[in-house]
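# Summary of the model geometry
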Amino acid sequence: MVSVEEVRHLAHLARIGMKDEELRLYAEQINEIIEYFNMLDELEIGNDVEPYRMSRGYKEMRDDIPVAFPADMLSNAKSMKGRFIKAPKMG
Amino acid sequence: MMQADKVMIGLEIHCQLTALRSKLFCPCPADYRGKEPNVNVCPICLGMPGTLPLLNRKAVEYAVMLALALNCRIASRITFYRKNYFYPDLPKNFQITQYNAYEQASVGADGYMELDDPKGNGVSKVIRIRRLQLEEDPGRLVYDGSIDTSNYALVDYNRAGVALVEIVTEPDFNAPNEVRLFLNRLASILEHLNICNPALDGAVRCDANVSIRGHARVEIKNINSFKDVEKAITFEIARQRSLTARGIEVNSETRHWDDARRITVQARTKEEEEDYRYFPEPDIPSVILSSEDLEVIKASMPELPHARVERFVRAYALTRDTARILVGEKYLADLFEASLKYYDNARSIANWIVTDLKGYLDRYGDGSNGSNNSSSSSSSKSDSNDNSNVNTGILARITPKHIAELAVLVDSGKINRTVAKQIMQKMLSTGMLPSAIIQGMNVDMLSKKDELEGIVDRVMDEERKAVMDAISNEKILNYLLGKVMKYTNGRADPKLVLSMLKERIVDLRSSQ
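## Focus on the overall build of chain A
Broken down by element type, chain A carries two helices and three strands. Taken against the 2.2 N^0.38 rule, which gives 12 Å for 91 residues, the C-alpha radius of gyration of chain A at 22 Å runs more than 25% over that of a compact globule. Reported as C-alpha extents along the three principal axes, the dimensions of chain A are approximately 55 × 50 × 20 Å. Here chain A has roughly 7400 Å² of accessible surface; of this, 56% comes from carbon and sulfur atoms. Of the side chains in chain A, 13 bear a positive and 17 a negative charge, and the two mean positions are spaced by 18 Å.

## A word on the overall build of chain B
Across its full length, chain B carries 16 helices and 16 strands. Each principal axis of the C-alpha distribution contributes one length, and for chain B these read about 100 × 55 × 50 Å. Split into buried and exposed, the 512 residues of chain B put 52% on the buried side. In chain B, once contacts between residues fewer than 6 apart in sequence are set aside, the share between residues at least 24 apart is 71%. Computed over 67 positive and 69 negative side-chain charges, the inter-centroid distance for chain B is 3 Å.

## Some words on helix H11 (residues 417-430) of chain B
All names here are of chain B. Relative to the 20 Å expected for 14 residues at 1.5 Å per residue, H11 spans 19 Å between its end C-alpha atoms, a close match to the ideal helical length. Within the span of H11, buried status applies to Val419, Ala420, Ile423, Met424, Met427 and Leu428. As for H11, its buried residues are in contact with helix H8 (346-364), helix H9 (394-397), helix H10 (400-411) and helix H12 (434-440). Measuring from the side-chain oxygen of the N-cap residue of H11 to the backbone nitrogen of Thr418 gives 3.1 Å; that N-cap residue is Asn416. Looking one or two residues beyond H11, the residue adopting positive phi is Gly431, at roughly 85 degrees.

## Some remarks on the nonpolar core
Residues and elements named next belong to chain B. One finds Leu11, Leu66, Phe182 and Leu186 to be the most contacted residues of the largest nonpolar core, which totals 72 residues. Among the elements that line this core, the one with the most residues is helix H1 (residues 57-69), at 10 residues. When near neighbours in sequence (up to four residues on either side) are disregarded, Leu11 contacts Ile167, Val168, Thr169, Phe173, Val179, Phe182, Leu183, Cys206, Asp207, Ala208 and Ile233. Within the second largest apolar cluster, 38 residues are counted, among which are Ala333, Ala350, Val410 and Met427.

## Notes on the pairing of strand E3 (residues 84-88) of chain A
For strand E2 (residues 80-81) of chain A and E3(A), the ladder comprises two bridges, and the chain directions are antiparallel. Pairing of Met80(A) across the sheet is with Ile85(A), part of E3(A). Count of turn residues in the E2(A)/E3(A) antiparallel hairpin: two residues, of which Gly82(A) carries a positive phi of about 60 degrees. Judged from the four bridges that link them, E3(A) and strand E9 (residues 152-156) of chain B form a sheet pairing that is antiparallel. Opposite Lys86(A), over in E9(B), you have Leu154(B) as the bridge partner.

## As for the packing of aromatic side chains
Residues and elements named next belong to chain B. On inspection of all chains with the given rule, the structure shows 10 aromatic pairs over all chains. Ring geometry for Phe25 versus Phe80: centroids 5.5 Å apart, planes at 85 degrees, classification edge-to-face. Taken as a pair, Phe25 in the loop between strand E1 (7-16) and H1 and Phe80 in the loop between strand E3 (77-78) and strand E4 (81-84) lie far apart in primary sequence, 55 residues in all. A centroid spacing of 5.0 Å and a plane angle of 55 degrees characterise the contact between Phe312 and Phe336, whose relative ring orientation is tilted. Linking Phe312 in helix H5 (residues 305-316) with Phe336 in helix H7 (residues 330-339), this pair joins segments that are 24 residues apart in sequence. A relative accessible area of 0% places Phe312 in the buried class. Among the aromatic side chains, those forming a connected cluster through ring pairs are Tyr81, Tyr85, Tyr99, Tyr102, Tyr276 and Tyr278. The aromatic ring of Tyr276 is capped on one face by Lys83, whose charged end is 4.4 Å from the ring centroid. Of note, Arg417 hangs over the ring of Trp352, and the distance from its end group to the ring centre comes to 4.4 Å.

## A word on the environment of Ser22(B)
Residue placement: Ser22(B) occurs in the loop between E1 and H1. As a C-alpha pair, Ser22(B) and Lys58(B) span 36 residues in sequence and 9.5 Å in three-dimensional space. Residues in contact with Ser22(B), not counting those within four places in the same chain, are Arg62(A), Asp64(A), Ile65(A), Pro66(A), Pro27(B), Cys28(B), Pro29(B), Ala30(B) and Asn56(B). A distance of 2.6 Å separates a polar atom in the side chain of Ser22(B) from a polar atom in the side chain of Asp64(A). Within the structure, Ser22(B) has its side chain in polar contact with the side chain of Asn56(B) (distance 3.1 Å).

## Brief notes about the domain arrangement of chain B
When cut into domains, chain B gives domain 1 (7-207 + 272-295), domain 2 (303-365 + 398-440) and domain 3 (449-511). Spacing between the C-alpha centres of domain 1 of chain B and domain 3 of chain B amounts to 65 Å.

## Here's the deal with the interface of chain B and chain A
In this complex, chain B contributes 58 residues to the contact, which on the side of chain A involves 34 residues. Buried surface at the junction of chain B and chain A, summed over both partners, amounts to about 4200 Å²; 59% is from carbon and sulfur atoms. Counting the contacts that link chain B with chain A gives four salt bridges. Inspection of the chain B/chain A interface yields 27 residue pairs in polar contact (both at pLDDT 80 or more). When contributions to the side of chain B that touches chain A are tallied by element, the ones reaching two or more residues are H1, strand E8 (140-142), E9, strand E16 (286-288) and helix H4 (291-299) of chain B. Top element by residues in the side of chain B that touches chain A is E9(B). It accounts for five residues.

## Looking at unusual backbone geometry
Residue and element names in this part refer to chain B. With phi around 60 degrees, Arg262 is a residue other than glycine that occupies positive phi space. Structurally, Arg262 can be placed in the loop between strand E13 (253-258) and strand E14 (263-266). Despite not being glycine, Asn489 has its phi angle at roughly 50 degrees, a positive value. One can find Asn489 in the loop between helix H15 (476-487) and helix H16 (494-511).

## Topic: the pairing of E4(B)
In the case of a regular strand, side chains alternate between the two sheet surfaces. All names here are of chain B. Neither face of E4 is open: one carries Tyr81 and Lys83, the other Arg82 and Asn84, and all of them are buried. Pairing analysis gives four bridges linking E4 to strand E5 (residues 94-97), with the strands arranged antiparallel. Of the residues in E5, the one forming a bridge with Tyr81 is Thr97. The pairing of E4 with strand E15 (residues 279-280) spans two bridges and is antiparallel. Among the inter-strand pairings, Tyr81 is bridged to a residue of E15, identified as Pro280.

## Some words on the sheet that holds E5(B)
Taken together, the three strands give an open sheet; going across it, the order is E5-E4-E15 (chain B), and neighbouring strands pair in antiparallel fashion. The strands lining the two open edges of the sheet, one partner per strand, are E5 and E15 of chain B.

What counts as what
Residues numbered from 1 in each chain as written. Chains lettered and ligands numbered in written order. Predicted model: local features only at pLDDT ≥ 70, side-chain atom pairs only at ≥ 80, totals over all residues. Heavy atoms only, no water. Helix = DSSP H or I, 4+ residues; strand = E, 2+ residues; numbered from the N terminus. Rg over C-alpha atoms; globule rule 2.2 N^0.38 Å. Areas by Shrake-Rupley, 256 points an atom, 1.4 Å probe, with all protein chains shown as cover. Lys, Arg positive; Asp, Glu negative; His and termini not counted. Charge placed at Lys NZ, Arg CZ, Asp CG, Glu CD. Buried < 20%, exposed > 50% of the residue type's maximum accessible area, 1.4 Å probe, protein only. Contact = heavy atoms within 4.5 Å. Expected span 1.5 Å × (residues − 1). Polar contact = N/O pair within 3.5 Å; in protein donor to acceptor, adjacent residues only side chain to side chain. Core = buried A, V, L, I, M, F, W, Y, C linked by side-chain atoms within 4.5 Å. Pairing = 2+ DSSP bridges. Phe/Tyr/Trp six-rings, centres within 6.5 Å; stacked < 30°, edge-to-face > 60°. Lys NZ or Arg CZ within 6 Å of the ring centre and 35° of its normal. Domains from an automatic or database assignment. Buried area = accessible area lost by both parts, 1.4 Å probe. Salt bridge = Lys/Arg side-chain N within 4 Å of Asp/Glu carboxyl O.

What follows is the structure in structure tokens.
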């Protein structure tokens with residue numbers, strides 16, 4: 001079970017301010033989601049099943065060829081100074 | 001040193017794969033130095049929703065090479081993880097990195113590096129490598145004015161997503177000088193593999209864990225050049241010793257190296273390891289590295305420094321010391337081998353490079369614009385600090401032909417070493433070839449008796465007291481020789497002058 005205190009800590013790590021009632025609401029919802037996943041425990045899959053992991057061969061990786069992105073990404077930035085993106089100072 | 005006082009140091013080193021042309025997970029150009037802010041960015045490295053990172057194969061190849069050079073076990077399945085933290089230098093709020101909690105996901109693990117005994121007696125120490133992994137570099141933050149007075153951070157994401165190799169050692173170092181030996185050797189390996197240019201500003205960064213046995217461990221971050229690592233560790237050991245000597249417990253904390261004040265200062269506490277909430281990166285499939293892939297990479301690896309030293313000793317009959325000095329800085333070793341094509345006398349060429357050229361560089365530097373670190377406290381004008389990879393100093397001017405010509409001029413008896421050193425100075429400052437410098441100077445060695453008779457007689461005449469002393473004390477001859485050299489601007493053949501002076505003294509003695 002995820003506690004309200006754990007959600008408070010997560011909110012702090014993500015630098016999101018939350019009221020106590022919001023923390024209680026999200027803790028409840030997170031627990032519901034986790035409990036939903038518990039259904040997977042009831043599946044009969046046998047003992048010799050390898051977990052599926054997505055993989056690719058080394059040769060299939062991308063070549064080291066530089067391509068500049070054609071559009072100026074800065075048009076999406078909310079706050080700029082010159083060509084720098086302005087961000088809050090982390091205290 | 002008392003055993004109870006034993007110092008333990010571990011390193012965490014970040015090397016940018018500067019030889020790569022594109023970033024680790026997107027095709028944006030990787031060369032961000034000297035660029036306008038935020039020009040090398042795309043939806044992938046800015047972490048836009050719906051984008052898919054694609055791994056750069058060359059980055060894997062380079063990381064495998066380095067892992068092999070450090071004797072690591074190579075993972076057959078290379079997996080990436082998300083390391084979550086909230087800071088503006090990473091637009092995604094997580095860094096794509098590797099994590100070895102469940103199996104070896106990192107490119108390399110359990111390697112080692114042997115440190116040569118500085119006195120030349122084989123291997124003095126083995127430093128174990130815990131892991132070697134690939135990860136993305138964060139962006140660069142700068143502040144208007146200083147970090148303390150500015151109300152906001154300015155972010156440049158050109159560096160975000162550039163490929164880094166992180167190397168983590170076990171805490172096997174017991175003294176700062178061992179760290180220096182390790183880092184020098186690592187730099188030489190990086191240069192020989194041609195995957196990272198350690199001379200570039202910010203291309204190699206190092207954090208250090210320092211503790212005194214029985215006390216808490218302190219992590220030092222923000223050391224922006226290999227040169228400063230030894231200084232930062234030396235300071236930190238002294239700080240911890242002075243605390244324990246007064247019975248004050250060392251705090252387990254993170255400290256920053258303050259480059260300007262040459263001290264470590266307490267840093268704000270960041271996330272704990274468990275707060276990073278590592279989990280497998282779902283967007284990047286694991287890379288399967290077959291044994292054939294590994295063989296192909298192995299076969300393409302350039303000669304490593306250790307092998308090069310042995311070859312220099314074997315093929316050119318150099319002493320191991322000389323070979324190590326040459327190979328310690330790849331450009332010296334390259335210059336040495338290239339110069340041999342013009343003049344096939346390995347010992348003579350090696351001597352000019354190791355004694356004279358390196359001596360000059362050690363004393364005066366290369367003369368190129370020094371690199372500044374601009375990571376934390378610089379103003380927004382400071383991005384020109386990131387120098388491009390152009391050597392503007394002495395080494396850009398000196399070719400193998402320069403070294404070969406100089407050696408030939410001396411070995412053929414055309415000039416003596418004193419004159420040759422003058423020519424070298426001029427050659428280093430102007431880039432002119434020795435043969436051209438000689439034409440403008442009156443420097444041909446005076447090696448005929450009749451050319452020198454007049455000057456020797458003049459010195460004998462002017463230095464009567466010294467001459468009388470020399471009759472009973474032959475050491476005084478060197479003083480007289482010095483006078484002759486001075487009058488000839490160093491051009492006289494010193495052996496000949498000495499024999500001429502001796503003749504005259506013997507004559508004087510017998511006539512007394």
